Amino acid sequence: MTDERRAAALDRLMTVGRQHSAVTVMFHSAIAAKQGLNATEEKTLDFLQRKGPLTAKDLAELTGLAPASVTGMLDRLEAKGFVRRVKHPTDKRRVLVELNESKIAELAVFFEDWARDIVAACEGFSTQELESVNRFLEVMTEAQRKATARLTE
């Protein structure tokens, strides 16, 4: 019975995970399109916002994208005014990519309703349940990052 219940739960997880993944991609694609971006560009801006200025190599590692793809993407983001390349403060041979904060602020409005909806949806979960979800998502994020890296090697 326990093995059957676990198998059913894993099967349901795969289905729900696919549904969640699809709506997440569509959500970020819609937000990106509002600003003339694609979803990969929008999520790269998210990395820069959360982690601060990064090198193109750092971004390649974080995104799992090939270095040439990152360079092209950064060229597009710079042309659209979302990022700028600046000299590294301690190593003049390196270049950092940093956000244009005023341009990024234009994206924030698109997340406000969504953030309120998430907070409201979480009201139905205990703190312990939310902690379990957080742990699960951290593990799945790392697994998916590794899968992405394998696909782009």
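Predicted model only: the values in this text are computed from it and were never measured.

(A) Fine view of helix H1 (residues 2-34). An ideal rise of 1.5 Å per residue puts 48 Å on 33 residues; H1 measures up with 47 Å between its terminal C-alpha atoms. Of all the positions in H1, only His 28, Ile 31 and Ala 32 are classed as buried. Contacts made by the buried residues of H1 are with helix H2 (39-51) and helix H5 (101-122). Following H1 by one or two positions, Gly 36 has its phi on the positive side, about 75°.

(B) Geometry of the packing of aromatic side chains. A full pass over the atoms with the stated rule returns 3 aromatic pairs. Aromatic side chains Phe 27 and Phe 111 sit 5.9 Å apart centroid to centroid with 75° between the ring planes, which places their arrangement in the edge-to-face category. In this pair, Phe 27 sits in helix H1 while Phe 111 sits in helix H5, placing the two residues 84 residues apart along the sequence. By relative accessible area, which is 24% here, Phe 27 ends up partly exposed. Classification of Phe 111 by relative accessible area gives partly exposed; the value is 22%. Pairing Phe 111 with Trp 114 gives two aromatic rings, centres 6.2 Å apart and planes at 75°, and the pair type is edge-to-face. A residue pair is termed a helical-turn pair when its members lie 3 or 4 positions apart in one helix, as Phe 111 and Trp 114 do in helix H5 at 3 residues. Feature note: the residues Phe 27, Phe 111 and Trp 114 constitute an aromatic cluster, connected by ring pairs. Over the aromatic face of Phe 82 sits the side chain of Lys 103, whose NZ or CZ is 5.1 Å from the ring centroid.

(C) A look at the pattern of salt bridges. If you walk through the whole model with that rule in mind, you get 10 salt bridges. Note that Lys 80 and Glu 41 form a salt bridge whose closest N and O atoms lie 3.4 Å from each other. Here Glu 41 lies in helix H2 and Lys 80 lies in the loop between helix H4 (67-79) and strand E1 (83-87), a separation of 39 residues in the sequence. Classification of Glu 41 by relative accessible area gives buried; the value is 1%. As a salt-bridge pair, Arg 84 and Glu 98 come within 2.8 Å of each other at their nearest N and O atoms. You can see Arg 84 sitting in strand E1 and its partner Glu 98 sitting in strand E2 (residues 95-99), a full 14 residues away along the chain. Taken together, the salt bridges that share partners define one network made up of Glu 41, Arg 76 and Lys 80.

(D) The arrangement of the packing of helix H3 (residues 56-63) against H4 in detail. Where H3 meets H4, the axes come as close as 9 Å, and the angle between the chain directions of the two elements is 115°. Classified by the interaxial angle, the pair formed by H3 and H4 is roughly perpendicular. When you trace H3 past H4, the crossing you get is right-handed. Between H3, through Ala 56, Leu 59, Ala 60 and Thr 63, and H4, the contact on the second element is made entirely by Pro 67, Val 70 and Leu 74. In terms of residue class, the contact of H3 with H4 is built from 6 nonpolar, 1 polar and no charged.

(E) Examining the nonpolar core more closely. Formed by 19 residues in total, the largest nonpolar core has its most connected members in Leu 45, Leu 48, Leu 59, Leu 77, Phe 82 and Val 83. Listing elements by their share of this core, those giving two or more residues are H1, H2, H3, H4, E2 and H5. Residue contributions to this core peak at 4 residues, all from H4. Once residues within four sequence positions are removed from consideration, Phe 82 is found in contact with Gln 35, Leu 37, Leu 45, Leu 77, Glu 98, Leu 99, Asn 100, Lys 103, Ile 104 and Leu 107.

The rules behind each value
- Residues numbered from 1 in each chain as written.
- Predicted model: local features only at pLDDT ≥ 70, side-chain atom pairs only at ≥ 80, totals over all residues.
- Heavy atoms only, no water.
- Helix = DSSP H or I, 4+ residues; strand = E, 2+ residues; numbered from the N terminus.
- Expected span 1.5 Å × (residues − 1).
- Buried < 20%, exposed > 50% of the residue type's maximum accessible area, 1.4 Å probe, protein only.
- Contact = heavy atoms within 4.5 Å.
- Phe/Tyr/Trp six-rings, centres within 6.5 Å; stacked < 30°, edge-to-face > 60°.
- Lys NZ or Arg CZ within 6 Å of the ring centre and 35° of its normal.
- Salt bridge = Lys/Arg side-chain N within 4 Å of Asp/Glu carboxyl O.
- Axes fitted to C-alpha atoms, helices over the stretch in contact; angles between N-to-C directions.
- Parallel < 35°, antiparallel > 145°, perpendicular 65-115°, else oblique.
- Left-handed = near helix turned anticlockwise from the far one by under 90°.
- Nonpolar A, V, L, I, M, F, W, Y, C, P; charged D, E, K, R; others polar.
- Core = buried A, V, L, I, M, F, W, Y, C linked by side-chain atoms within 4.5 Å.

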